[in-house]
Amino acid sequence: MSGPEPGLGRRSWRRHGGGPVGGALHAEWTKLRTVPSTGWLVLGIVALTVGLGLAMTGTLSRDGCESPCLEDTVRLSLFGVRLSQAAVVVLAVLAVGNEYATGMVHTSVMALPRRAWALAGKFAVVAVTVLVAATVAVGVSLLVGRWVLPGRGFTAANGHPPLSLADEPTRRAAIGTVLYLVLIGLLSAGVAVLVRDTAGAITGVLVLLYVAPLVATLVSNARWERWLHRYTPMDAGLAVQVTRHLHPSDIGPWAGLGVLAVYAAVAVVAALVVFEVRDA
Amino acid sequence: MRGDGFGATLRAEWTKLRTVRRWVLTLLCSGMLIVVIGLLVSSSSGTDANQYQNFAVGPDGQPVVDDFQFAHQTMSGDGTITARVGKLEDSGTDASAGLIVKDGLTSGSRYVALRVTPKDGVHLESDYVTDIRGGDRTAPVWLRLTRQGPVITGYASADGSNWTKVGQVTAARLPRDVEVGMFVNSAPKVIVKRSAGNTAVTEQGTLSTATFDNVRLDAAAAGAWEDDPVHRPMDRPKDTSGESGSAGPPLPEMKAAGVVERDGMFTITGGGQIKPNPPDDDVVSIALFGVLPGLMALAAVGVLFVTSEYRKGMIRATFAANPRRGRTLAAKAIVIGSAAFVMTLLGGGVALLAAQPVLQEQGFAPPAYPEYSLTDPPVLRALLLTSLFVAILTVFAMALGTVLRHSATAITTVVVLIVVPVILSSILPLSVGRWVMQLTPAGGLATWRAKPPTTTLADPWSMIGPAAGLTVVSVYAAVTLAVAWWLVRRRDA
Amino acid sequence: MQPSIEVGAVRKRYRSVIAVDGLTFSVRPGEVTGFVGPNGAGKSTTMRVIMGLDAPDEGQALVNGMPYRSLRQPLTQVGALLDAAAVHPGRSARDHLLWLAHSNGIAKRRVGEVLEMTGIASAARRRAGGFSLGMRQRLGIAAALLGDPAVLLLDEPVNGLDPEGIVWIRGLLRSLAAEGRVVLVSSHLMSELEGTADHLIAVGRGRLIADMKVSELLAAASKGRVEVRTTQRAEAMTLLANAGGTVAATGEDQLSVEGLPGERVSAVLTGGGVPFAELRQHRASLEEAYMELTREGVEFSASGR
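Since the model is a prediction, treat every value here as computed from it, not as a measurement.

Peer 1: Explain the overall build of chain A here, please?
Peer 2: Along its length, chain A carries 11 helices and 0 strands. Ordered by position in the sequence, the α and β elements of chain A form the string α-α-α-α-α-α-α-α-α-α-α. For chain A, buried positions account for 57% of its 280 residues. Counted over contacts in chain A with a minimum sequence separation of 6, partners at least 24 positions apart contribute 77%.

This is the structure we're talking about:
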């Protein structure tokens, strides 16, 4: 639809096309990249993943490991996501929460009154940003593991060939870990829309993620322990990293990621609906 | 000066805290989280420690270990046993040799023992509770145990003629007929291996050998010495692994144990220990588990207590009302710390009371887990220290919020500093894991244990003591508070 | 089709407070329309409903004949300044406008234009967190103008501006209206609109109090009163009363007449031989007229506090 009143000044700068989705994506990307904290958080995601992975593989020792030593070296190399997911949570929550904190959400909704589309654009931009950061983080972590592990005694000779994406379980763990972080980002962004408060959303998501695995270390009732491992977002989602000692009672790698995907989907859908219906 | 002093600042900060409804709700929620999560975790925990006992039941129904090699005979009424421990082999674990008066040969029965150790001197002990240390003599040493009515007295001597009294105990509940004699044992070796999240605990039996000579029993009817081991019936291999999947430990090596007598010299070889033996799992820390999510909520309020003032520019009004900024910071720390302390104390107290019956239903029942009450010193200590830990951590969060002036970063940092070390040290090798707990605020979680530290459990907070944990979190809080103090005075509001 | 804002029987309640209670009005293009009322009268809520931020409980608000939320590329049709503080403090002014431009397919070039237009081009790359209130206000106006919209809503645009800025914004509003746009400007200070607004919509307690041209309002408030200064007050009063006017003494040498046009007063006095130093039509200030209007509609009056 064209402007209602022609002749109100020059319109040569107006570009048509792109549609609401394209506009939302472009706008959200501009919003995300022009806030200084985004760059730091992306850097943090990579640094924390790689750093903690290095700390794990670097201190790994074959003493006290039975022979043949079947350490899950892939999982240990990618252990850093347990820490870096906190940076993902912050990035995703801030992308939403900042708008509520500053009141800019009104401007956003006025610029893009098809709210669900606009929010979907924001979710997409957050997801792609996390995807890129996570891909780099996971790739570098595996490279570091490949470089460090032989020095710690994990060589092809004793059943630990160098980490390689040609290996199916390793590839699955790598791709799954990237998707894990993307889903964590979506879950966080969704919760932030529902809560409309940065601090509340961050605390809530971190408690949801971190408390359940700790409960599982303490709980000595096998049935409950299994339940916690299977149906809480972090433990279930990270089942995708397991490449050795897959217990039949554990949730499968993709099924585990699926559990996390359900959490994320519920948060995202609820956020889209609420955002559309609620007064801005 | 009224109205201008620190009290006024304190009151102002308290008013600020209690008038934001969201914060008050969060404070109350944290208390509720402590109770609800504590109950949930309690009801989802379980133990088979009473079905498959790896302990003997002591005279007061408590779990004990009571294993030794025993050269004995029956003594009726009063009497005295004297012997010289000539040599005592140091097995590397806790070895001991000595004299004992015991109610029969059943593991876990009442006793009075006088023992000498390679490194820890002479002890007079009774019924797994009383322990009187009497000098640091070691073998060769003369020992004497005298029963007279209900009183049993222990003596030690270097030469067999000049005796010093080690101590005396009243053993009114020992029967008239007791087994008396010489015993030797040596504690098993506990090997804890941890790799990739699996903790394997193995106990390896050890043996120690000691010689006794100049053995004399002055009693109504002295007879011949018999040789028997005292130990818990071996219905199941002793297994205290902290996590499933650990290798089954080998049976204690018993074949070399026994008594050899030649020319009045007894050579006794044996393994085991005589002492209380509660399981390492701590019901108090299970009941208090809700403190973990609770403290995250409290830390968030601690951060917001400062950062919201910066965000809304209210900090200028605060500093205009009280230009002594350091005092404002101190008042904030006291107010938020006290609020966190009280909430944890209330929530934790309720959780402990409410969880007790739930835990009993889940198998945490006597004899392995005696019923606790809030007034038991270890339980009370755990509750108070946990509340103190949460208070200090909340102050740390507040100080970090002051330094960073950004709620999201500050809250995330605090949560990560608590959670990630726990995840890490439950997977890292034991020594590294212990270091992680000793260097991060997560170590403060050690406060919620009422039992002494142990390395045999999967939960990393059990590796260090509460004092170490409180120290590390206090250092974090103090340093951050100092930086905040410096910044607040220096920085433009 | 002409640009327009139409508010029809809008009612909005927040919990127990009725913010807008059946409000109906429309805003025409080509003139500056003042939207006035005391604090809490429902101005901001009405604007939020027009901008599709809040959904009305009853009634509807249309912009260019459509509900705001069904507009495509709305910034090219409607520009609004609702809350100038609503900018991420870490983002520069230029970047703030840039994402808005991207959201509605507006070319980057236009960002530079509105930055120049509002006089903040030199600060465009600074973090908005360090902006003064006046600069934020200018940034908000730049955002409203970004899509060169035919409809503009500005909530208290004068807030925080220095005298030079106030002169600037008045000129801007008048020229925007002169180009045939719909310009709705809210204010709780009538004096701010004096000389700027052509039309007035006054609200109180969520209801419409007045919807009229400023000239009509002033005339109504002035009630056709004529003020006369003369040294022979008594004679003048007698003469004018006989001519059918309602006369009142307002000072030692002053009187006011109602019910007679100025020319007739002049003729009567001259005819009666009474000299007069001054004769003028009384003009109520906008403030006065407005106070008159809102007397009943004031929710938080001075005495009520």
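Having seen it, we continue.
Peer 1: What am I meant to see in the sheet that holds strand β1 (residues 5-14) of chain C here?
Peer 2: Strands pair in a sheet through their backbones, by hydrogen bonds, and they do so in one of two ways: parallel or antiparallel. All names here are of chain C. Spatially, the 4 strands line up as an open sheet ordered β2-β1-β4-β5, and their pairing is antiparallel. At either margin of the open sheet sits one strand with a lone partner, and together these are β2 (17-27) and β5 (66-67). For β1 and β2, the ladder comprises 8 bridges, and the chain directions are antiparallel. Considered in β2, the bridge of Y14 is made with V17.

Peer 1: In this structure, what is going on with the sheet that holds strand β10 (residues 207-213) of chain C? I would like to understand it.
Peer 2: Residue and element names in this part refer to chain C. Pairing is mixed in the open sheet, where 6 strands are placed in the order β6-β7-β8-β3-β9-β10. Whereas interior strands pair on both sides, the edge strands pair on one side only; in this sheet they are β6 (78-81) and β10. Between one strand and the next, the sheet's axes are offset by a mean angle of 15°, whatever the strand orientation. Strand direction decides the pairing type here: strand β9 (residues 199-204) and β10, joined by 6 bridges, are antiparallel. Looking across to β10, one finds that H199 is bridged to K213. Contacting β3 (31-36), β7 (151-155), β8 (182-187) and β9, helix α1 (residues 43-50) crosses the sheet at an angle of about 150° to β7.

Peer 1: Looking at this structure, I do not really get the interface of chain A and chain C. What am I missing?
Peer 2: Think of interface size as the accessible area that goes away when the parts come together; that is how it is often given. The partner chain C presents 44 residues to the 36 residues of chain A that form the contact. When grouped by side-chain class, the residues that make up the side of chain A that touches chain C number 15 nonpolar, 15 polar and 6 charged.

Peer 1: Please clarify how the arrangement of the chains should be interpreted in this entry.
Peer 2: The pair of protein chains exhibiting the most contacts, out of 2 pairs of chains in contact, is chains A and C. Between chain B and chain C there is no contact, and the shortest C-alpha to C-alpha separation is 10 Å.

Peer 1: Even after reading the chapter, I still don't get helix α8 (residues 407-425) of chain B, so can you show me in this structure?
Peer 2: Note on helix geometry: an α-helix contains 3.6 residues per turn, so any two residues three or four positions apart are oriented the same way. Residues and elements named next belong to chain B. The end-to-end C-alpha distance of α8, which contains 19 residues, comes to 27 Å, matching closely the 27 Å that a straight helix rising 1.5 Å per residue would cover. When the local axis directions of α8 are compared, the greatest deviation, roughly 30°, occurs at V416. Judged by how many residues are buried, α8 sits mostly within the fold: 18 of 19 residues are covered.

Peer 1: So what exactly am I meant to see when it comes to the confidence of the model for chain C here?
Peer 2: In low-pLDDT segments, the atomic positions of the prediction should not be examined closely. Residue and element names in this part refer to chain C. Within chain C, residue pLDDT values average 87, and 96% of them lie at 70 or more. Within the model, pLDDT remains below 50 along residues 297-305, and this stretch shows 14 contacts once partners closer than five positions in the same chain are excluded. Note on the complex model: pTM 0.82, ipTM 0.84.

Peer 1: Looking at this model, I keep getting lost on the nonpolar core. Mind explaining?
Peer 2: Soluble globular proteins tend to bury their nonpolar side chains together. Grouped together as the largest cluster of nonpolar side chains are 271 residues, with contacts concentrated most on A:V93, B:A299, B:V303, B:F396 and C:L97. Residues in contact with B:F396, not counting those within four places in the same chain, are B:V414, B:P441, B:V473, B:Y476, B:A477 and B:T480. Core analysis: the second largest hydrophobic core is formed by 42 residues, B:V166, B:M182, B:A210 and B:I274 among them.

Peer 1: Teacher, can you tell me more about the environment of B:S431 here?
Peer 2: Assignment of secondary structure puts B:S431 in helix α9 (residues 430-439). Taking the C-alpha atoms as reference, B:S431 lies 9.9 Å from B:T455; in sequence the two are 24 residues apart.

Peer 1: How should the interface of chain B and chain A be read in this particular structure?
Peer 2: Chain B puts 35 residues into the contact, and the matching count from chain A is 30 residues. When contributions to the side of chain B that touches chain A are tallied by element, the ones reaching two or more residues are α2 (21-44), β13 (189-195), α4 (291-311) and α8 of chain B. The greatest single-element share of the side of chain B that touches chain A, amounting to 11 residues, is contributed by α8(B). A breakdown of the residues in the side of chain B that touches chain A according to their chemical character gives 23 nonpolar, 9 polar and 3 charged.

Peer 1: Whenever I open this one, the environment of C:M51 confuses me. Can you help?
Peer 2: Topologically, C:M51 is positioned in the loop between α1 and β4 (58-63). Exposure remark for C:M51: the 24 C-beta atoms within 10 Å place this residue in the buried category. Considering only alpha carbons, one finds C:M51 and C:S222, 171 residues apart in sequence, at a separation of 36 Å. Once residues within four sequence positions are removed from consideration, C:M51 is found in contact with A:M110, C:Y68, C:A80, C:L82 and C:L153.

Peer 1: Help me out: how do you make sense of helix α3 (residues 109-117) of chain C in this one?
Peer 2: All names here are of chain C. All buried positions along α3 are accounted for by R110, V111, V114 and L115. Burial along α3 is one-sided: seen end-on, the buried residues are contained in an arc of 140°. Buried residues along α3 sit in contact with α2 (93-103) and α4 (133-145). Positive phi appears at G119, one or two residues downstream of α3, with a value of about 75°.

Peer 1: Any chance you could explain the packing of helix α4 (residues 81-102) of chain A against helix α7 (residues 168-195) of chain A here in plain terms?
Peer 2: Any two packed helices are characterised by how steeply their axes cross, that is the angle between the axes, and by the distance between the axes. Residues and elements named next belong to chain A. Two elements in contact, α4 and α7, have axes separated by 8 Å at closest approach and are oriented at 35°. Between α4 and α7 lies a crossing of right-handed hand. Here α4 contributes V81, Q85, V88, V89, L91, A92, V93, A95, V96 and G97 to the contact with α7, which in turn contributes T177, Y180, L181, I184, G185, S188, A189, A192 and V193. Residues of the contact of α4 with α7, tallied by class, amount to 14 nonpolar, 5 polar and no charged.

Peer 1: Is there a simple way to think about the confidence of the model for chain A in this case?
Peer 2: Residue and element names in this part refer to chain A. With 88% of its residues at a pLDDT of 70 or more, chain A has an overall mean of 86. Ranking the elements of chain A by mean pLDDT puts helix α9 (residues 222-231) last with 81 and α7 first with 96. Low pLDDT (under 50) marks residues 1-10, which in the prediction has 20 contacts with non-local residues, meaning those over four places away or in another chain.

So, how was this worked out
Counting from 1, residues in each chain are numbered in the order their sequence is written. Think of it this way: whatever chain is written first is A, whatever ligand is written first is 1, and the rest follow in order. Two thresholds apply to this predicted model, a pLDDT of at least 70 for residue-level local features and 80 or more for giving and counting side-chain atom pairs, whereas whole-chain, interface and lining totals are computed over all residues. Note on conventions: DSSP H or I runs of at least 4 residues are helices, E runs of at least 2 residues are strands, and numbering of each starts at the N terminus. Here a residue counts as buried when 20 or more other C-beta atoms fall within 10 Å of its C-beta, as exposed when 12 or fewer do, and as partly exposed in between; the C-beta atoms come from the backbone. Here contacts are defined at the residue level, using C-beta atoms placed from the backbone and a cut-off of 7 Å between them. A pair of strands is labelled paired if DSSP reports no fewer than 2 bridges between them. As a rule, the C-alpha atoms of each element are fitted with a line to give its axis, helices using only the stretch in contact, and angles between N-to-C directions run from 0 to 180 degrees. Any residue that is not Ala, Val, Leu, Ile, Met, Phe, Trp, Tyr, Cys, Pro, Asp, Glu, Lys or Arg is counted as polar, Gly included; the first ten are nonpolar and the last four charged. Multiplying 1.5 Å by the helix residue count minus one yields the expected span of that helix. In this analysis the local bend is the angle between axes fitted, respectively, to the seven residues ending at and the seven residues starting at the residue. Per residue, pLDDT captures the predictor's confidence, and it can take any value from 0 to 100. For our purposes the nonpolar core covers buried Ala, Val, Leu, Ile, Met, Phe, Trp, Tyr and Cys residues that link as a set through C-beta atoms within 7 Å. It is the directions from the helix axis to the C-beta atoms whose arc is reported. Helix crossings are classified by the rotation of the near helix relative to the far one: an anticlockwise turn of less than a right angle makes the crossing left-handed, while a clockwise turn makes it right-handed.

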